[in-house]
Amino acid sequence: MNDKEFELQKKRVKNLFDKWQTPLGLGWWKITIVYSREKSRGEGTPSEHNADIGGEWAVIFNVRTDFYYKIAVITAFLPVIEQLSDEDTERYFLHECAHILVCPMKHKDRESQEELVATTIADTILWVIDAVKKKQL
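Residues numbered from 1 in each chain as written. Predicted model: local features only at pLDDT ≥ 70, side-chain atom pairs only at ≥ 80, totals over all residues. Heavy atoms only, no water.

1. What to know about the pattern of salt bridges
Quick reminder of the rule: One speaks of a salt bridge when a side-chain nitrogen belonging to Lys or Arg is within 4 Å of a carboxyl oxygen belonging to Asp or Glu. In this text, helices come from DSSP runs of H or I with a minimum length of four residues, and strands from runs of E with a minimum of two, each type numbered from the N-terminal end. Each residue gets one of three labels from its accessible area relative to the maximum for its type: buried under 20%, exposed over 50%, partly exposed in between, using a 1.4 Å probe on protein chains only.
Inspection of the entire model under this criterion finds five salt bridges. The salt bridge partner of Arg37 is Asp3, with a shortest N-O separation of 2.8 Å. In this pair, Arg37 is assigned in the loop between strand E1 (30-36) and strand E2 (50-53) and Asp3 in helix H1 (residues 3-20), connecting sequence segments 34 residues apart. Classification of Arg37 by relative accessible area gives partly exposed; the value is 36%. Asp3 sits in the exposed class, given a relative accessible area of 53%. Across the pair Arg12 and Asp86 runs a salt bridge, and its minimum N-O distance is 2.9 Å. Placement of the pair is Arg12 in helix H1 and Asp86 in helix H3 (residues 86-102), with a sequence separation of 74 residues. The exposure class of Asp86 is exposed, given its relative accessible area of 51%.

2. Considerations on the sheet that holds E1
Convention followed: When DSSP finds at least two bridges between two strands, those strands are taken to pair. A fitted line through C-alpha atoms represents every axis, and for helices the fit uses only the stretch in contact; the resulting angles, taken between N-to-C directions, go from 0 to 180 degrees.
The mixed open sheet is built from three strands, whose spatial order is E1-E5-E4. Each end of this open sheet is capped by a strand with a single partner; those strands are E1 and strand E4 (61-66). Each strand axis lies, on average, 15° off the axis of its neighbour in the sheet, ignoring direction. Inspection of the sheet shows E4 paired to strand E5 (residues 71-77) by six bridges, in the antiparallel sense.

3. Some words on H1
The condition is simple: A helix is expected to span 1.5 Å multiplied by its residue count minus one. Think of a polar contact as two N or O atoms within 3.5 Å of one another; within protein, one of them needs to be a possible hydrogen donor and the other a possible acceptor, and neighboring residues in sequence only count if both atoms come from side chains.
Compared with the 26 Å implied by 1.5 Å per residue over 18 residues, the 26 Å span of H1 between its first and last C-alpha is a close match. Two or three places before Lys4, at the start of H1, stands the capping residue Asn2, its side-chain oxygen 3.1 Å from that residue's backbone nitrogen.

4. Regarding the environment of Thr32
Note the cut-off: Two residues qualify as a contact provided that any one of their heavy atoms is within 4.5 Å of a heavy atom in the partner residue.
Relative to the assigned elements, Thr32 resides in strand E1. Separated by 40 residues in sequence, Thr32 and Ala72 place their C-alpha atoms 6.4 Å apart. The residues touching Thr32, leaving out its near neighbours within four places in the chain, are Ala72, Val73 and Ile74.

5. Comments concerning H3
With 17 residues, H3 should reach 24 Å at 1.5 Å per residue; the first-to-last C-alpha distance of 24 Å fits that figure. When H3 is considered as a whole, its buried residues turn out to be Thr89, Glu90, Tyr92, Phe93, Glu96, Cys97, Ile100 and Leu101.

6. Things to note about the confidence of the model for the protein chain
For clarity, the cut-off: One number per residue, pLDDT, summarises how confident the predictor is, and it ranges from 0 to 100.
When pLDDT is averaged along the protein chain, the result is 85; 82% of the residues meet or exceed 70. Counting contacts from residues 44-48, a segment whose pLDDT is below 50, to residues more than four positions away or on other chains yields nine contacts.

Here you go:
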């Protein structure tokens, strides 16, 4: 991937982040996006954040979270994203954002964390509605 291709794909992902961060209520998270020129070192498997690229499963995005401190790192694998439509890229990006919203459910005390996740999802729906009313989406 040359520099021009890298910058173009980086801009596509950044535009998605800029579009969705506030409507999803993720402004109170410290989110870093890492733009990778490489494909993921992990093997892709059929799941929501992987795509079938030429008969091979490829990781599109990866997210790591620390919900105690509201920190997340999204890695975007640009050589894979380059092969996807804008619509598919947005869908996969939103899937990773959903992981940020539900990450407390990974905690061993799932029952009490479920309340936080349900509240966060309810707030997210309201933030999206508000963004639509303000014509931000």
